[in-house]
Amino acid sequence: MASPPQPSAMATHPKTPTTTTATTTTSSVSAFSLLSNAWRHDIQLMRDRATSFRNLAISFDPPPPPQNPADMDFVRNLRLRLPATSEGSGARRIKKWRLPPPTATAMCSSRIRIGLVNIKDAIVAEVEDTDGIWGFEGDNSKREEKDWEPIQKLKTKFKEFEKNNEFVEKFKSSLKLINKEPEESKEVPPLDVPELLAYFVKQSSPFLDQLGVRRDFCDKIVESLYSKSKNQLVLRSLSSGESSIIGNGNVNDELDLRIASVLQSTGHRYNGELWTDHTKHDPSENKRHLAIVTTASLPWMTGTSVNPLFRAAYLSKSSNQKITLMVPWLCTSDQQLVYPDNITFSSPEQQEVYIHNWLEERIGFKADFKICFYPGKFSKERRSIIPAGDTSQFIPSRDADIAILEEPEHLNWYHHGRRWTDKFNHVVGVVHTNYLEYIKREKNGPLQAFLVKHINNLVTRAHCHKVLRLSAATQDLPRSVICNVHGVNPKFLKIGEKIAANKELGQKAFTKGAYFLGKMVWAKGYKELIDLLAKHKSDLDGFKLDVFGNGEDANEVQSMAKRFDLNINFQKGRDHADDSLHGYKVFINPSVSDVLCTATAEALAMGKFVVCADHPSNEFFRTFPNCLTYKTPEDFVAKVKEALENEPQLLSPEQRYQLSWDAATQRFLEYSELDRVLNTQDDTANSKTHKGQKRISKSVSMPNLTEMVDGGIAFAHYCFNGSEFLRLCTGALPGTRNYDKQQAQDLHLLPPQVQNPIYGW
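All of the points below concern the structure found in this document. Keep in mind the model is a prediction, meaning the values are calculated, not measured. (Residues numbered from 1 in each chain as written. Predicted model: local features only at pLDDT ≥ 70, side-chain atom pairs only at ≥ 80, totals over all residues. Heavy atoms only, no water.)

**Some thoughts on empty space enclosed by the protein**
One pass over the full model with this rule turns up five cavities of 30 Å³ or more. Of the volumes computed, that of the second largest cavity is approximately 90 Å³. In terms of lining residues, the second largest cavity is bounded by Gly 496, Glu 497, Ile 499, Ala 500, Lys 503, Ala 605, Met 606, Gly 607, Gln 649, Leu 650, Leu 651 and Arg 656. Sort the elements by how many residues they give to the lining of the second largest cavity and helix H21 (residues 490-504) lands first, with five residues. Residue classes in the lining of the second largest cavity are distributed as six nonpolar, three polar and three charged. (1 Å grid on protein atoms, 1.4 Å probe; cavity = no way out; pocket = protein on both sides within 12 Å on 5 of 7 lines; lining within 4 Å. Points joined across faces, edges and corners; volume = space filled by probe spheres on them. Helix = DSSP H or I, 4+ residues; strand = E, 2+ residues; numbered from the N terminus. Nonpolar A, V, L, I, M, F, W, Y, C, P; charged D, E, K, R; others polar.)

Here's what the structure looks like:
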């Protein structure tokens with residue numbers, strides 16, 4: 001092999017290729033040598049830094065603690081207290097309890113440490129060898145407790161902790177419930193096809209009602225489908241000797257309990273509906289909040305302004321609930337059209353003072369409730385006030401507990417806001433007006449009445465949990481019951497007591513004949529009154545009638561009475577409690593459009609005769625002896641003559657109580673289910689067991705198809721009312737989807753463009 005070229009040779013020829021290669025190699029070697037030296041230097045610095053950190057850590061290590069003789073005695077006693085069963089086992093135990101040999105680190109630090117880990121291992125091994133802490137001696141016939149003293153103290157402390165700590169008891173009970181075998185769930189038979197079909201028809205009955213399928217027909221289908229399964233369940237429970245939740249009560253309730261029991265056996269827990277908003281008022285607070293929302297306000301003397309006011313006053317007598325009355329606020333131009341005697345208010349505070357003063361003069365006690373206002377506009381065509389904007393937004397969420405909607409269909413015709421049942425825990429609607437009867441009198445009345453009937457069904461179904469109808473004169477609405485929840489002004493009862501006292505003294509109580517009082521519009525019974533008097537003018541020869549009232553149809557009513565030459569004396573409207581009306585003996589009310597005539601109840605409370613039509617609106621008054629009802633025009637003549645020729649009977653204390661607002665409030669709490677809602681905590685405590693059988697809650701454990709459908713209806717209604725064009729097509733006032741600038745200034749609200757931006761619905 002040829003030897004490599006020498007450096008001297010390469011240096012003699014610097015410009016040859018060989019010389020150039022040698023120079024490059026020398027440069028590479030020098031660079032590598034430089035890098036290796038740098039690496040060595042860096043590694044040495046790292047080692048020095050590590051050594052300095054270690055020395056620094058050793059310098060911070062505290063000095064070894066002084067040797068404690070008690071620790072050494074503890075270890076010695078440890079060996080002496082171990083139970084011995086045999087020499088071999090004793091040797092093994094002593095070996096286990098020996099301390100580990102000192103390591104180099106331990107010797108270097110010159111400190112004595114007790115190996116707690118080894119002690120623990122020795123204790124565990126001892127338990128395995130001796131079958132516990134307790135050992136056996138001799139022939140193992142007797143068992144003696146020889147607890148190790150530290151273990152005994154530890155066990156005692158644990159027992160005391162368990163006895164004195166409630167959390168431990170609850171934790172143990174919860175573990176028992178978790179580990180408990182669900183025997184009940186295995187005993188519940190599954191649902192069969194007829195039961196599922198029956199429940200589907202039951203939940204769909206409100207929707208089928210909208211399509212014209214009668215409710216009694218749906219009930220018969222449910223009963224026929226469920227009867228077969230019910231018989232099988234009863235036979236199965238009798239054969240097995242078990243108690244069944246199926247009874248002999250209402251089929252719908254039994255089916256609900258059956259569905260609930262199956263769902264409960266599967267562990268299902270239903271927490272809400274598809275459309276439900278769970279941000280509601282917490283009913284666990286000490287006081288409940290009731291918001292009463294109505295469509296009119298004083299000084300407009302109408303039923304929807306007076307009756308809700310009395311309801312708020314008498315509900316506020318209970319200290320367990322806070323009451324808020326919401327009334328509409330009208331601008332000055334609308335006030336001049338609505339309020340009598342040119343009464344106007346410049347601010348809501350001024351009208352609030354007027355309302356409180358009017359009320360306290362009549363009830364005789366201080367009513368503790370709040371009055372707040374929402375923006376509204378007066379419709380001349382409908383002769384009613386239409387809410388502007390979302391009425392529910394004026395009740396804070398913290399107070400949104402229970403809502404009482406006076407005229408729920410009226411409030412929700414053009415409602416564009418949150419669903420009432422989403423914001424409030426319980427919503428009750430009170431139907432005051434028979435709108436279908438009024439609409440039938442207008443142009444294209446039957447067609448309009450058909451549409452309004454279904455709209456009323458939809459809005460009340462979507463926004464109310466319970467609906468109260470004052471009489472059967474109103475349309476049948478979903479979830480509705482019939483009950484008169486109105487009373488009379490206490491002032492009328494005092495007038496009646498005064499008249500009764502005068503009668504007992506032998507004084508003549510009534511010096512005048514017959515009269516009629518009401519708003520002078522055709523729908524309030526004026527047409528029926530003129531027809532009866534004109535048809536039997538000869539039979540009622542010499543009969544004179546005084547009529548008190550103001551209204552839009554006053555001129556037409558008076559003109560028709562003059563045309564038939566009727567003996568009617570028209571006078572301006574006045575308060576029914578006016579002194580000038582006390583002397584009349586007979587109150588005549590031929591109206592068939594009223595739901596429950598307040599003037600009729602007031603006349604009975606004052607001890608007068610009442611002549612009224614045999615109509616569902618007068619069903620409540622038939623039990624009073626002074627109420628004379630007629631069915632035919634001839635019967636009307638006979639009842640009028642009977643009333644004029646005789647004296648009214650005195651009301652008994654029970655009859656006076658039935659007319660009072662105290663009795664009306666009790667009926668309202670009962671039929672609206674508020675007595676149950678307001679006592680939710682008591683019901684929860686009492687619903688645990690019943691005669692040894694477990695009671696099942698229907699409202700918590702079952703998903704409700706009806707609620708889901710109602711939520712969909714509410715959402716569709718919300719979208720429909722979001723279009724101004726569609727609102728105007730259905731008769732809404734322009735600009736009522738949101739409140740205007742003037743209303744915002746009067747009520748101190750945010751400007752409309754801030755509250756409802758143009759890009760939002």
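**Considering unusual backbone geometry**
Cis geometry marks the peptide bond from Leu 298 to Pro 299; its omega dihedral reads 10°. Structurally, Pro 299 can be placed in the loop between strand S1 (288-293) and helix H14 (303-315). Positive phi, close to 65°, is recorded for Glu 407, a residue that is not glycine. Here Glu 407 shows up in the loop between strand S5 (402-406) and helix H17 (408-412). Exposure remark for Glu 407: the relative accessible area of 2% places this residue in the buried category. The backbone phi angle of Asn 444 is positive, close to 55°, even though this residue is not glycine. Looking at where Asn 444 falls in the secondary structure, it is placed in the loop between helix H19 (435-440) and helix H20 (445-463). (Buried < 20%, exposed > 50% of the residue type's maximum accessible area, 1.4 Å probe, protein only.)

**As for the state of the cysteines**
Taken as a whole and judged by the stated rule, the model has zero disulfides. In this structure Cys 627 is a free cysteine whose sulfur lies 3.6 Å from that of Cys 612, the closest cysteine sulfur available. With relative accessibility at 9%, the residue Cys 627 sits in the buried group. (Disulfide = S-S within 2.5 Å.)

**Some points on the sheet that holds strand S10 (residues 545-548)**
Read from one edge of the open sheet, six strands run S11-S10-S9-S12-S13-S14, paired in parallel fashion. The open sheet terminates on both sides in strands that have one partner only, identified here as strand S11 (568-571) and strand S14 (627-630). The mean inter-strand angle of the sheet, taken between neighbouring strand axes irrespective of direction, is 25°. Relative to S14, strand S13 (residues 609-613) runs parallel, the two being bridged by four bridges. For Ala 613, the partnering residue across the bridge sits in S14 and is Tyr 630. Sitting on the sheet, helix H22 (residues 526-535) is in contact with strand S9 (512-517), S10, S11, strand S12 (584-589) and S14, with an inclination near 165° to S10. (Pairing = 2+ DSSP bridges. Axes fitted to C-alpha atoms, helices over the stretch in contact; angles between N-to-C directions. Contact = heavy atoms within 4.5 Å.)

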